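Notes for the structure review
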Amino acid sequence: PMAHVRLIAGLGNPGPEYEQTRHNVGFRVLDALAERLGGTIRRRAFNALVEDVMLGDMKLILLKPQQYMNRSGHAIATAAGFYKLSAAEILVVLDDMALPTGQLRIRPKGSAGGHNGLKDIIARLGTDAFARLRVGIGDSGSREAADYVLSRFAADERQAVDQAISRSVDAVLYWAQNGVEPAMNRYNSGQTGTDDNKNERKVDGGQKPQNETDKNP
């Protein structure tokens, strides 16, 4: 068997109508990751689109579940079973409304925090002890969360999102090579580059107002 295999799953909804929505930022990170490593995610397996790429002597399985967000766990659990992977060898990339647009947060484990995709993955794997990279999509403000996550990024957010996607690819590769703790130390910081691990608890409440200024009705 291969010495090292890692499963990296990006979450989103399949179909062109969802392509550039906030909820699909995980798919975008995975596509950018494949492109960086010279692949394209288009093989159909595990009720997902899949691509295997090599990173040195490590095999990365890039996975985009295709059964809608709230059934993301099926593809991930099936692929993990096929490759005989433990939860510690899995990283899930997803969107997060609790973080300012473009901010990254890596976690080794934890609850779903209201994210339907994550909730299904935890249920299907029977554990929450897998790493996740959360990409900030900003707070919904006065809008319904369900509508907000299916909306597209505003023009003035796009640069931050593009930068976050590129930095997410760096973070995923760093996680694969170095593990979750070093990746957290390196990438769990604000957009300014200052390390705000010590202010961890304040992130959800403290940083929302800065996003609420320019919501589209």
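Here the structure is a predicted model, which is why all the values come from computation and not from measurement.

Turning our attention to helix 6 (residues 180–187). Among the residues making up helix 6, those that are buried are V180, A183, M184 and Y187. Along the axis of helix 6, the buried positions cluster into a sector of 100°, meaning they face one direction only. Buried residues belonging to helix 6 abut strand 6 (104–107), strand 7 (131–136) and helix 5 (158–178).

Counted by the stated rule, this structure contains 5 aromatic pairs. Judged by centre distance (6.3 Å) and plane angle (80°), the ring pair of Y18 and Y68 falls under edge-to-face. Of this pair, Y18 sits in the loop between strand 1 (4–10) and helix 1 (25–36) while Y68 is found in the loop between strand 4 (58–65) and helix 2 (72–82), placing the two residues 50 residues apart along the sequence. Look at Y174 and Y187: their rings are 5.9 Å apart centre to centre, the planes differ by 70°, and that puts the pair in the edge-to-face class. Taken together, the residues Y174 in helix 5 and Y187 in helix 6 connect sequence positions 13 residues apart. Using a relative accessible area of 22% as the deciding quantity, one classes Y174 as partly exposed. Taking the relative accessible area as the measure of exposure, Y187 reaches 7% and is therefore buried. These aromatic residues form a ring-pair network of at least three members: F46, F82 and Y83.

Moving on, we come to helix 2. When helix 2 is considered as a whole, its buried residues turn out to be S72, G73, A75, I76, A79 and A80. Projected down its long axis, helix 2 carries its buried residues within an arc of 165°, all on one side. Check the buried side of helix 2 and you find it contacts strand 1, strand 3 (48–55), strand 4, strand 5 (90–96) and helix 3 (116–125). Of the residues one or two after helix 2, K84 is the one with positive phi, at around 55°.

With 6 of 8 residues buried, strand 3 lies mostly within the body of the structure. As paired strands, strand 2 (residues 43–45) and strand 3 are joined by 3 bridges and run antiparallel to one another. In the strand pairing of strand 3, R43 is matched with V50. Hairpin geometry of strand 2 and strand 3 is characterised by an intervening segment of 2 residues between the two adjacent antiparallel strands and by a positive phi of about 60° at F46. Note that strand 3 and strand 4 share 8 bridges and pair antiparallel. Pairing of L49 across the sheet is with K64, part of strand 4. Taken together, strand 3 and the strand that follows it, strand 4, pair antiparallel across an intervening segment of 2 residues, in which G56 is found at a positive phi of about 65°.

Moving on: the pattern of salt bridges. Counted by the stated rule, this structure contains 9 salt bridges. As a salt-bridge pair, D170 and R36 come within 2.7 Å of each other at their nearest N and O atoms. Here R36 lies in helix 1 and D170 lies in helix 5, a separation of 134 residues in the sequence. Judged by relative accessible area, D170 falls into the partly exposed class, the value being 30%.

This part covers the sheet that holds strand 6. Reading across from one edge, 2-3-4-1-5-7-6 is the order of the 7 strands in this open sheet, with mixed pairing throughout. Looking at the sheet topology across the chains shown, the edges are occupied by strand 2 and strand 6. Taking each pair of neighbouring strands and ignoring which way they run, the sheet shows an average axis angle of 25°. Judged from the 6 bridges that link them, strand 5 and strand 7 form a sheet pairing that is parallel. The residue bridging D95 from the neighbouring strand is V135, located in strand 7. Contacts from helix 1 reach strand 1, strand 4, strand 5 and strand 7, with the element oriented near 145° to strand 4.

Parameters and conventions
- Numbering of residues begins from 1 in every chain and follows the order in which that chain's sequence is written.
- Residue-level local features of this predicted model are given only where pLDDT is at least 70; pairs of side-chain atoms are given and counted only at 80 or more, and the full residue set underlies all totals for whole chains, interfaces and linings.
- To obtain the side-chain values, all non-hydrogen atoms of the structure were included, while hydrogens and water were left out.
- For the exposure calls, accessible area comes from a 1.4 Å probe over protein chains only, and a residue counts as buried if that area is under 20% of its type's maximum, exposed if over 50%, partly exposed in between.
- Per the convention used, a helix needs a DSSP run of H or I reaching at least four residues, while a strand needs a run of E reaching at least two, with both numbered from the N terminus.
- Regarding the arc, it is the one traced by the directions from the helix axis to the C-beta atoms.
- It only takes one pair of heavy atoms within 4.5 Å for two residues to be counted as in contact.
- Between 30 and 60 degrees the pair is tilted, below 30 it is stacked and above 60 it is edge-to-face, where a pair is any two Phe, Tyr or Trp rings, Trp via its six-membered ring, whose centres lie within 6.5 Å.
- Two strands make a pair as long as DSSP finds a minimum of two bridges between them.
- For salt bridges, the criterion is a side-chain nitrogen of Lys or Arg within 4 Å of an Asp or Glu carboxyl oxygen.
- For helices, the axis comes from a line fit to the C-alpha atoms of the stretch in contact; other axes are also lines fit to C-alpha atoms, and the angle between any two N-to-C directions lies between 0 and 180 degrees.

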